[in-house]
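Structural overview for review
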Amino acid sequence: MNIFQIFSKTTVEKPPEGATCLYVRTKQPSALQGWHFSAAAAAALPDSLSATGLTWIWESTRTGPPLQNVDDEINPEHRPRQLLNIDSAEVLKQDLLEKNLHGFRRFVALYGGTGDLKALESDDALREEVENFAAGKKSALAALIVQLGDVAADVIYFDDLSKDIIDDILSAIGQPKIDLAFSIPYKEMKGEDLETVMEYLSCAEHDH
């Protein structure tokens, strides 16, 4: 094997600009990154999540100064975790679409999994489930959807058993299915990998 053959086996093809990328790994969650939440997609997301049969809890944080004065009681800088249901769906839509003074959206994290998620009231309990999910261990969590809110594209982290569920969500919000994404080894993911992003979650924002 000559040096050119060696080099060709160690480089990764660069995805087209703006492409949805699937960062693949086995035994631990993969990540699908792209600009998933257009206005229409964000509006359709709550119903599509409810249709999965999973339990979803969510939280959001404004990433910069508000575009206009807001009532902190109704639209707080940080919206604490809550169960996604018919009463909270409209608030989730608003949070997904809200833009700050600089045109960036809120940071929104949606945790999907078994009904056990409803009982995770403490930060420690949720963080343990997130850490188990990230490590490929048994967890109440099956998927984590994050709108990062700034210049980075949205990311959906999912385990192998949840691939069909994520495909159903993508179809419902008008996005291409997973198999149509540009596939890259997970190790090539920079900055938005699950192990980094999980530190931005509210359950990780204090000492343990």
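Heads up: the structure comes first, above all this text.
Below is a summary of the structure that appears in this document. Only a predicted model underlies this, so the values are computations on that prediction, with no experimental measurement involved.

Below, the discussion takes up the overall build of the chain. In terms of helices and strands, the chain carries six helices and eight strands. Element order for the chain, N to C, with α for helix and β for strand: α-β-β-α-β-β-α-β-α-β-β-α-β-α. Split into buried and exposed, the 208 residues of the chain put 46% on the buried side. Considering only contacts within the chain whose residues lie at least 6 apart along the sequence, 71% involve residues at least 24 apart. Carbon and sulfur atoms make up 53% of the accessible area of the chain, which amounts to about 11,200 Å² in all.

What follows concerns the side chain of S48. Tracing the chain through its elements places S48 in helix α2 (residues 39-50). With a relative accessible area of 8%, S48 lands in the buried category. Within polar-contact distance, the side chain of S48 engages the backbone oxygen of L45 at 2.8 Å. Not counting chain neighbours up to four residues away, the residues in contact with S48 comprise I169, A172 and I173.

Next up on the list: unusual backbone geometry. If you check the backbone angles, K27 has positive phi at about 70° while not being a glycine. Assignment of secondary structure puts K27 in the loop between β1 (21-24) and β2 (30-34). On the basis of relative accessible area, K27 is assigned to the exposed category, the value being 75%.

Right, let's talk about the pattern of salt bridges for a bit. Within this structure, the stated rule accounts for 12 salt bridges. For the salt bridge of D95 with R106, the shortest nitrogen-to-oxygen distance reads 3.8 Å. Placement of D95 in helix α3 (residues 89-97) and of R106 in the loop between α3 and β5 (107-113) is noted, with a sequence separation of 11 residues between them. Across the pair, R106 and D95 agree in class, each one buried. One continuous salt-bridge network, built from bridges that share partners, spans R62, R79, D95, E98 and R106.

Once that is clear, we can look at the sheet that holds strand β7 (residues 154-158). Two modes of strand pairing occur in sheets, parallel and antiparallel, and in both the strands are linked by backbone hydrogen bonds. Across the sheet, eight strands lie side by side as β4-β3-β5-β6-β7-β2-β1-β8; this open sheet has mixed pairing. Edge positions in the sheet fall to β4 (78-83) and β8 (182-185), since each of these pairs with one other strand and no more. Here the strands of the sheet are splayed against their neighbours by 15° on average, with no regard to which way each runs. Where β2 lies against β7, five bridges are found, and the strand directions are antiparallel. Paired with Q33 across the two strands is V155, which belongs to β7. Relative to the sheet, helix α4 (residues 123-135) contacts β3 (55-61), β4, β5, β6 (141-147) and β7, its axis offset from that of β6 by approximately 100°.

Here is what the cut-offs are and how they apply
- Residues numbered from 1 in each chain as written.
- Predicted model: local features only at pLDDT ≥ 70, side-chain atom pairs only at ≥ 80, totals over all residues.
- Heavy atoms only, no water.
- Helix = DSSP H or I, 4+ residues; strand = E, 2+ residues; numbered from the N terminus.
- Buried < 20%, exposed > 50% of the residue type's maximum accessible area, 1.4 Å probe, protein only.
- Contact = heavy atoms within 4.5 Å.
- Areas by Shrake-Rupley, 256 points an atom, 1.4 Å probe, with all protein chains shown as cover.
- Polar contact = N/O pair within 3.5 Å; in protein donor to acceptor, adjacent residues only side chain to side chain.
- Salt bridge = Lys/Arg side-chain N within 4 Å of Asp/Glu carboxyl O.
- Pairing = 2+ DSSP bridges.
- Axes fitted to C-alpha atoms, helices over the stretch in contact; angles between N-to-C directions.

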